[in-house]
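# Coordinate analysis (summary)
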Amino acid sequence: MGKFESMVNVDGVITSAADARVPVMDRGFLYGDSIYEVFRTYRGVPLFHDEHWARFERSAKLAHLTLTISKDQMIDEIRKTVRATNAAEQNRDVYVRYIVTRGEGPVDLFPRPELTTRYVIIVKELPEWNPEFLRVGIRLAIPETRRNATNALDPNIKGGNYMNNVLGIIEARMLGADDCLMLNDSGLITEASSSNVFFVMNNDNALVTPAETAGHLRGLTKAAVEKLCIEYDLQLRAEDITMDLLMQTSECFITSSTREVMPVSSLRLPSGDVLTYPDGGGNITKKIIDQYKTFIDGHLQDHEHLRLF
C-alpha cells in the first residue's frame, strides 16, 4: 500500500508538493493575480463541485480573466493529481485547491492580452483543527484592520491576494484569539478571515447573518445552512450587524468548506470587552451542526458520480 503524499499539478506536470515549481514571473506570484477554489472530499466525493465551479467562473468574470481550461478538464486533472497522492489506497479524504493565474509576463501591472493562463492544483491532507474548536468553540476578535470596501475589491472575487485577511488574523492572534471577525468601513460585521458568520438573537432565537451589502464572500457552506433553515423552519435574517446588535446575541458560529459548522466560544470587541457563547454551541448551533451532517450524507448520495477515487 502506497504512502499518502501531498501532490501538486502545475499545467499537467504532477510532482510532490516540495518539488512543485511556478515561475517567479507568474502574475499570481508577483501580484496575487489569480483566482481559486477549495473543496474537501467525503468518502472520495468532492463537496459542492458544481457550485465551486460556478463560483470560479464568476470570479474569473469579475476579475476579467479568461479561463482556458474547462470544468471537465479541471476535474480530470484533479483526479490525476488525487491518484498520485495514494489517497485511494489509504482510504483517506483530501483537501483540494485549484488555482488559475493570469500567467507569466513582464513586471507590469497591466496584463498583456497575449498572456497564457496557468493552472495549479494542490491536493493535500485535510486540515486538522484544534479539537477544542469543536468541543468548546473558536475564539474570535475584531481587529483594527477593516475589510476591503466592496467598491475597491469585490469580495466575490475569490482571488490570490489575501493581504487584507492576513493582517486581520495577525491582529486577532495578537489579541489572544484564533481568528478575526472583520468590520467594513461603516463598522458593520462582514466575515471571518476565511469563513462566514452567523449569530443567534437573544429575543427570538432567530439566526442573523450579515447582509451581502456589508461585503463578504458568498460562501457555499453558508448557502447550505440557509437552505437548512428554510427546510427546518428556522428563522433566518440577513441584515446589517452593528456593535449594538452584537450585544443582543446569544450564540455564534462560522461556516466554511473545511471548518463545516464551527461554534464560536468568544468574541473580543474593539473596546476590549469579550462576548462569551455556550461551550460547543447553544441549542440552535448544535441543531445546525446535526442538520448539516445529515445534509452532507444526502449530498454525497446524490453526487456519487463525481467520486474522485
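Heads up: these notes are all about the structure in this document. (Residues numbered from 1 in each chain as written. Predicted model: local features only at pLDDT ≥ 70, side-chain atom pairs only at ≥ 80, totals over all residues. Heavy atoms only, no water.)

### What about the environment of Val200?
- Along the chain, Val200 falls in strand β10 (residues 196-201).
- Accessibility expressed as a relative area gives 0% for Val200, which makes it buried. (Helix = DSSP H or I, 4+ residues; strand = E, 2+ residues; numbered from the N terminus. Buried < 20%, exposed > 50% of the residue type's maximum accessible area, 1.4 Å probe, protein only.)

### Describing the side chain of His49
- Residue placement: His49 occurs in helix α2 (residues 49-62).
- Taking relative accessible area as the criterion, His49 reaches 6% and is therefore assigned buried.
- Contacts of His49, omitting those with residues within four sequence positions, involve Lys71, Ile75 and Leu306. (Contact = heavy atoms within 4.5 Å.)

### What to know about helix α7 (residues 220-231)
- For α7, spanning 12 residues, the distance from its first C-alpha to its last is 17 Å, which sits close to the expected 16 Å at 1.5 Å a residue.
- Where α7 is concerned, the buried positions are Leu220, Thr221, Lys222, Ala224, Val225, Leu228 and Cys229.
- Phi turns positive one or two residues past the end of α7, at Asp233, with a value near 60 degrees. (Expected span 1.5 Å × (residues − 1).)

### A few points about the packing of α7 against helix α9 (residues 283-302)
- Between α7 and α9, whose axes approach to 10 Å, the crossing angle comes to 105 degrees. On the basis of their axis angle, the class for α7 and α9 is roughly perpendicular. Packed against α7, whose contacting residues are Thr221, Ala224, Val225, Leu228 and Cys229, the element α9 presents Ile288, Gln291, Tyr292 and Phe295 at the interface.
- Here the residues of the contact of α7 with α9 sort into 7 nonpolar, 2 polar and no charged. (Axes fitted to C-alpha atoms, helices over the stretch in contact; angles between N-to-C directions. Parallel < 35°, antiparallel > 145°, perpendicular 65-115°, else oblique. Nonpolar A, V, L, I, M, F, W, Y, C, P; charged D, E, K, R; others polar.)

### Considering the packing of α2 against helix α3 (residues 71-85)
- It is the contact of α2 with α3, at a shortest axis distance of 11 Å, that shows an interaxial angle of 120 degrees. Overall, the two elements α2 and α3 adopt an arrangement that is oblique. The handedness of the crossing between α2 and α3 is right-handed. Residues His49, Asp50 and Trp53 of α2 form the contact with α3, whose own contacting residues are Lys71, Met74 and Ile75.
- In terms of residue class, the contact of α2 with α3 is made up of 3 nonpolar, 1 polar and 2 charged. (Left-handed = near helix turned anticlockwise from the far one by under 90°.)

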